[in-house]
Amino acid sequence: MVFISVIIPCYNECGNLIALKAALDKVLTPYKKEYLFIDDGSTDGTLDEIKILAESDMNVKYISLSRNFGHQNALKAGIDHAKGDCLITMDADFQHQPEIILEMLQKWQDGYEIVYTIKNSSKNISCFKRFSALVYNKLFSLLSDSPNANLGADFRLIDRKIADILKNDFNEFHLFYRGLISWIGFNSYALNYTPERRLTGRSKYSYKRMGNFAVDGITSFSIKPLRIATLVGFIISSFAFFYGLYALYISFFTDKAITGWASVILSILFIGGIQLLFLGVIGEYLGKMFFEVKKRPHYLIKQKKIDAH
Ligand code: UDP
Ligand code: MG
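Thresholds applied
Residue numbering note: each chain is counted from 1, following its sequence as written. Each chain gets a letter, beginning with A, and each ligand a number, beginning with 1, in the order they are written. The predicted origin of the model limits local features to residues at a pLDDT of at least 70 and limits the giving and counting of side-chain atom pairs to 80 or more, whereas totals for whole chains, interfaces and linings rest on all residues. Calculated side-chain values reflect all of the structure's heavy atoms, with hydrogen atoms and water omitted. Water is not part of the atom set, so a site may look incomplete; the donors themselves are N, O and S atoms within 2.8 Å of the metal, or 3.2 Å for Na, K and Ca. When accessible area is computed with a 1.4 Å probe and restricted to protein chains, residues below 20% of their type maximum are described as buried, those above 50% as exposed, and intermediate ones as partly exposed. Here a helix means four or more residues in a row that DSSP labels H or I, a strand means two or more in a row labelled E, and each is numbered from the N terminus. By arc we mean the arc of the directions from the helix axis to the C-beta atoms, nothing more. Contact criterion: two residues are considered in contact whenever any of their non-hydrogen atoms come within 4.5 Å of each other. N or O atoms closer than or at 3.5 Å make up a polar contact, with two conditions inside protein: a donor-capable atom paired with an acceptor-capable one, and, for residues adjacent in sequence, both atoms drawn from side chains. We call a residue near a molecule or strand as soon as one heavy atom of that residue lies within 4 Å of the molecule or strand. Surface accessibility follows the Shrake-Rupley procedure with a 1.4 Å probe radius. Residue values consider only the protein chains on display as shielding. Residue classes follow a fixed rule: Ala, Val, Leu, Ile, Met, Phe, Trp, Tyr, Cys and Pro count as nonpolar, while Asp, Glu, Lys and Arg count as charged, and any other residue, Gly among them, counts as polar. What counts as an axis is a line fitted to C-alpha atoms, over the stretch in contact for a helix, and the angles between N-to-C directions run from 0 to 180 degrees. Here a crossing is called left-handed whenever its near helix is offset anticlockwise from the far helix by less than a right angle, and right-handed whenever the offset is clockwise. Two aromatic rings, drawn from Phe, Tyr or Trp (for Trp, its six-membered ring), form a pair once their centres lie within 6.5 Å of each other, and the interplanar angle then sorts them: stacked below 30 degrees, edge-to-face above 60, tilted otherwise. Either the NZ atom of lysine or the CZ atom of arginine qualifies as a charge over a ring when it sits within 6 Å of the ring centre and within 35 degrees of the ring normal. At least two bridges found by DSSP between two strands are what make those strands a pair.

Chemist: So what exactly am I meant to see when it comes to the coordination of the magnesium ion (ligand 2) here?
Modeler: In an ideal octahedron of six donors the angles at the metal are 90 or 180 degrees, and in an ideal tetrahedron of four donors they are 109.5 degrees. Taken together, the protein donors to the magnesium ion (ligand 2) comprise D93 (OD) and Q95 (OE1), at separations of 1.9 to 2.0 Å. Given the relative accessible area of 2%, D93 is considered buried.

As structure tokens, this is what we get:
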């Protein structure tokens, strides 16, 4: 009989977990399964709620991290410790409907090693989130080296084989699973789903966090922004060369040499701005290397209840 792991990262999700577990039980009744809750440094009683679930059901396992390490690292903790023949990752807030798991399992049994999901546009998600996701997906495919990248959501099924690959071969510090899943290939199938409204609580992705996540996503997958710096540098120097010829002409062959304060100040500001911008881009990559070189762990475990092997 197949064994299914459901990995649920939770950061302050008190109030959602009991209902979610009941809904999952309903859908997964015929299957052998484990629910692996990852408490990502919650401060609101999430861990207590998980422990209550674990007391009444042997299938409930948990890992509690020593502090908030972020969604992607919580997912990694789950992927590293799940024992299933296939692993399903989903949000704790009911935005990912448990019923879709049955469709995922069907596709997995048909031979797909990855079943990922693409969010339908839905009123249940704020306008800003919908718009930014659209722009970001376009930008990602343009800037990353996988033009057909479909970033989907962190609601997906992966086969044991893929889980082992992710666990053993991908230890980069800034994880971006949506991009990785699209990068590694294998047989994958996309399911469309319409996200529900969050049951309780608020989104843990503030605008600032979304921005950081977006920059991490692109800079983990591509060095094109650095190439753009070179290209812009080249274009501006070509202009500068011709403008220099023009300036020489003006000073040697005419008597209008002093005029043009506005153009000087504008070009200084423009070039200065571009230089700062691309120094920032270079700094972003340098910062990434700084974290890679340190090889710090992705997460630290404070408490856990999982099977021994
Ligand atoms: N999450 C987490 N650590 C974090 C932020 C979020 O484990 O630092 C979990 C969160 O509890 C939820 C999932 O990741 O189960 C997705 O987060 P959220 O629902 O806030 O994101 P949104 O759906 O609004 O994009
Ligand atoms: Mg959510």
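Chemist: Could you clarify how one ought to interpret helix 6 (residues 160–169) in this entry?
Modeler: Think of an α-helix as 3.6 residues a turn; residues three or four steps apart then line up on the same face. Burial in helix 6 covers these residues: I162, A163 and L166. On an axial view of helix 6, the arc spanned by its buried residues comes to 105°, and they lie on one face. Lining the buried residues of helix 6 we find helix 3 (71–81), strand 4 (86–89), strand 5 (114–119), strand 6 (156–159) and helix 7 (177–184). The backbone nitrogen of K161 lies 2.9 Å from a side-chain oxygen of the residue at the head of helix 6, namely D159.

Chemist: When you look at the site of ligand 1 in this model, what are you seeing that I'm missing?
Modeler: In the vicinity of ligand 1, 18 residues are found, and the nearest of them are E13, D40, D93, S203 and K204. For ligand 1, an oxygen atom lies 3.0 Å from a polar atom in the side chain of N68. Within the complex, 93% of the 530 Å² of free accessible area of ligand 1 lies under protein. Taken together, the residues of the shell around ligand 1 sort by class into five nonpolar, five polar and eight charged.

Chemist: I tried to follow the packing of helix 1 (residues 17–28) against helix 2 (residues 46–56) on my own but got confused; where do I start?
Modeler: Helix-helix packing: each pair is described by the crossing angle between the helix axes and the interaxial distance. Close contact between helix 1 and helix 2 brings their axes to 9 Å; oriented N to C, the two are set at 35°. In this structure, helix 1 meets helix 2 at a crossing whose hand is right-handed. Counting all contacts with helix 1, which are made through L17, I18 and K21, the residues of helix 2 involved are T46, E49, I50 and L53. Partitioning the contact of helix 1 with helix 2 into residue classes produces four nonpolar, one polar and two charged.

Chemist: Mind showing me how you'd approach the packing of aromatic side chains here?
Modeler: Given two aromatic rings, their pairing is described by the distance between the two centres and the angle made by the two planes. A full pass over the atoms with the stated rule returns 10 aromatic pairs. Between Y243 and Y246 the ring centres are 5.7 Å apart and the planes differ by 45°, which places this aromatic pair in the tilted class. Of the two residues, Y243 and Y246 are both situated in helix 9 (residues 224–253); the distance of three residues between them amounts to about one turn of the helix. You can call Y246 partly exposed: its relative accessible area is 46%. Ring centres of F290 and F291 lie 5.5 Å apart, and the angle between their planes is 70°; on these two criteria the pair is classed as edge-to-face. Since its relative accessible area comes to 48%, F290 is described here as partly exposed. Here the aromatic cluster, defined as three or more aromatic residues joined through ring pairs, consists of F173, F290 and F291. The ring of F69 has R67 sitting right over it, with the charged end atom 3.9 Å from the ring centre.

Chemist: I keep staring at the sheet that holds strand 4 and nothing clicks. Help me out?
Modeler: Hydrogen bonds between backbone groups are what pair the strands of a sheet, and the pairing can be parallel or antiparallel. The strand order 7-5-6-4-1-2-3-8 describes an open sheet built from eight strands, whose pairing is mixed. Since the sheet does not close on itself, it has two edges, and those belong to strand 7 (188–193) and strand 8 (301–305), each with one partner. The mean inter-strand angle of the sheet, taken between neighbouring strand axes irrespective of direction, is 20°. Strands in contact with helix 1 are strand 1 (3–10), strand 2 (32–39) and strand 3 (60–65); relative to strand 2, the strand with the most contacts, it is inclined by about 160°. Here helix 2 sits on the sheet in contact with strand 1, strand 2, strand 3 and strand 8, set at roughly 155° to strand 3.

By themselves, these figures tell us nothing about what the structure is for.
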